[in-house]
Amino acid sequence: MQVDPSESSASSSRATPPPERAAIMIVMGIVLLYALWTLRIEPAPSAGPVVSVNAGPTSLTAEMIPLVSGDEPIVEVFTKVGCPVCHVIPGIPGANGQVGPPLTLGVTGVQRLADPTYRGRASTVHEYVVESVVDPAAFVVPGYPERTMPVWYGAKLSALALEKIAEYLEHQTGNVPAK
Ligand code: HEC
């Protein structure tokens, strides 16, 4: 039986693909490997700077908190730095933390200033809020844990952000029971 020469030449060309095709395969392989590699080391897309209200208070560290310029809307000023993790703040969605007192300073602020054990330097509620944020140890609200509120907020909040916080909180009377 005779072998058809055309068939044999076709099969031999299948067995040895032209060098260009081999080169293309190699390049594609490298590109694919590179793509897989970059996907592997790509950091997971961040969910944004907003601190989860479910995060335990002890897991809140200065490194997790971005700088706040004060140009942000007030809700963002609070949520970016994590105040809602520990405080109820009237008008701020998700701010139902129970670690610290409800931030109804429109009611509680005057009470703190009138407290005979108050040794801070604030003479207005506005000043008291600023002092509470930058120097939490100046007055520890009775019934709440000391050294729990972070002490590094002064380094994260701009003067404008602090002003906005104080301006907002000093007017909150809220409908949550003041403690
Ligand atoms: C890890 C928990 C925690 C976080 C986060 C936190 N606080 Fe507090 N805060 C407390 C605790 C506990 C107290 C009460 C003890 C004290 O006075 O230090 C307190 C007290 C206060 C007071 C005094 C309240 C009063 O009734 O006299 C103010 C004002 C306040 N915090 C504002 C803030 C603001 C604004 C933020 C965000 C920039 C914030 N806190 C973030 C725990 C926290």
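An account of the accompanying structure is given in this report. If you're wondering where the values come from, they're calculated on a predicted model, not measured in any experiment. (Residues numbered from 1 in each chain as written. Predicted model: local features only at pLDDT ≥ 70, side-chain atom pairs only at ≥ 80, totals over all residues. Heavy atoms only, no water.)

1. Regarding the overall build of the protein chain
The line we're drawing: Per the convention used, a helix needs a DSSP run of H or I reaching at least four residues, while a strand needs a run of E reaching at least two, with both numbered from the N terminus. Throughout this description, buried means an accessible area under 20% of the type-specific maximum (1.4 Å probe, protein chains only), exposed means over 50%, and partly exposed covers the range between. Residue contacts are defined here by distance: any two heavy atoms, one from each residue, within 4.5 Å place the two residues in contact.
The helix and strand inventory of the protein chain stands at seven helices and zero strands. When the elements of the protein chain are put in sequence order from the N terminus, they spell out α-α-α-α-α-α-α. In the protein chain, buried positions account for 32% of the 179 residues. Residue pairs in contact within the protein chain that sit at least 24 positions apart in sequence constitute 56% of those at least 6 positions apart.

2. Observations concerning the coordination of the iron atom of the ligand
Note the threshold: The rule for donors is simple: N, O or S, within 2.8 Å of the metal, or within 3.2 Å if the metal is Na, K or Ca. Water isn't counted, so a site may look like it is missing partners. The rule is simple: four donors are tetrahedral if all their angles sit between 85 and 135 degrees, four are square planar and six octahedral if opposite donors span more than 155 degrees and the others lie between 65 and 115, and anything that fits none of that is irregular.
In the first shell of the iron atom of the ligand, the protein supplies H87 (NE2) and M149 (SD), at 2.0 to 2.2 Å from the metal. Angles of 87 to 179 degrees at the metal separate the six donor atoms of the iron atom of the ligand, which places the site in the octahedral class. Of this pair, H87 sits in the loop between α4 (83-86) and α5 (105-114) while M149 sits in the loop between α6 (125-134) and α7 (159-169), placing them 62 residues apart in sequence. With a relative accessible area of 10%, H87 lands in the buried category.

3. Describing the site of the ligand
To be explicit about the condition: Proximity criterion: a residue is near a molecule or strand once any of its heavy atoms comes within 4 Å of it. Under the rule applied, a polar contact is a pair of N or O atoms within 3.5 Å (in protein, one hydrogen donor and one hydrogen acceptor; residues adjacent in sequence only if both atoms are side-chain atoms). Three categories are distinguished: nonpolar for Ala, Val, Leu, Ile, Met, Phe, Trp, Tyr, Cys and Pro, charged for Asp, Glu, Lys and Arg, and polar for the others, with Gly belonging to the last.
For the ligand, the set of nearby residues contains 27 residues, the closest of which are C83, C86, H87, Y128 and M149. Contact between the ligand and H87: a nitrogen atom at 2.8 Å from a side-chain N or O atom of the residue. Here an oxygen atom of the ligand and a backbone polar atom of V141 are 3.0 Å apart. Elements represented by at least two residues in the shell around the ligand include exactly α4, α5 and α6. Here the element with the most residues in the shell around the ligand is α6; it accounts for three residues. For the shell around the ligand, a count of residues per class yields 20 nonpolar, six polar and one charged.

4. Quick word on α5
Heads up, the condition is: Picture the helix axis, draw a direction to every C-beta atom, and the arc is the one those directions span.
Taken as a whole, α5 has its buried residues at L105, T108, G109 and R112. Across the axial projection of α5, the buried residues extend over an arc of 110 degrees, all falling on one side. The exposed set on the far side of α5, more than 90 degrees from its buried face, consists of V110 and A114. Its buried side turned inward, α5 meets α6 and α7.

5. Quick notes on the pattern of salt bridges
Quick reminder of the rule: A pair is scored as a salt bridge if a Lys or Arg side-chain nitrogen falls within 4 Å of a carboxyl oxygen belonging to Asp or Glu.
All chains considered together, the criterion is met by two salt bridges. We note a salt bridge from E72 to K80, for which the minimum N-O separation is 3.4 Å. Under the relative-accessibility criterion, K80 is labelled buried at 13%.

6. Things to note about unusual backbone geometry
At R147, a residue that is not glycine, the phi angle is positive and equals roughly 50 degrees. In this structure, R147 sits in the loop between α6 and α7. What makes R147 exposed here is its relative accessible area of 77%.

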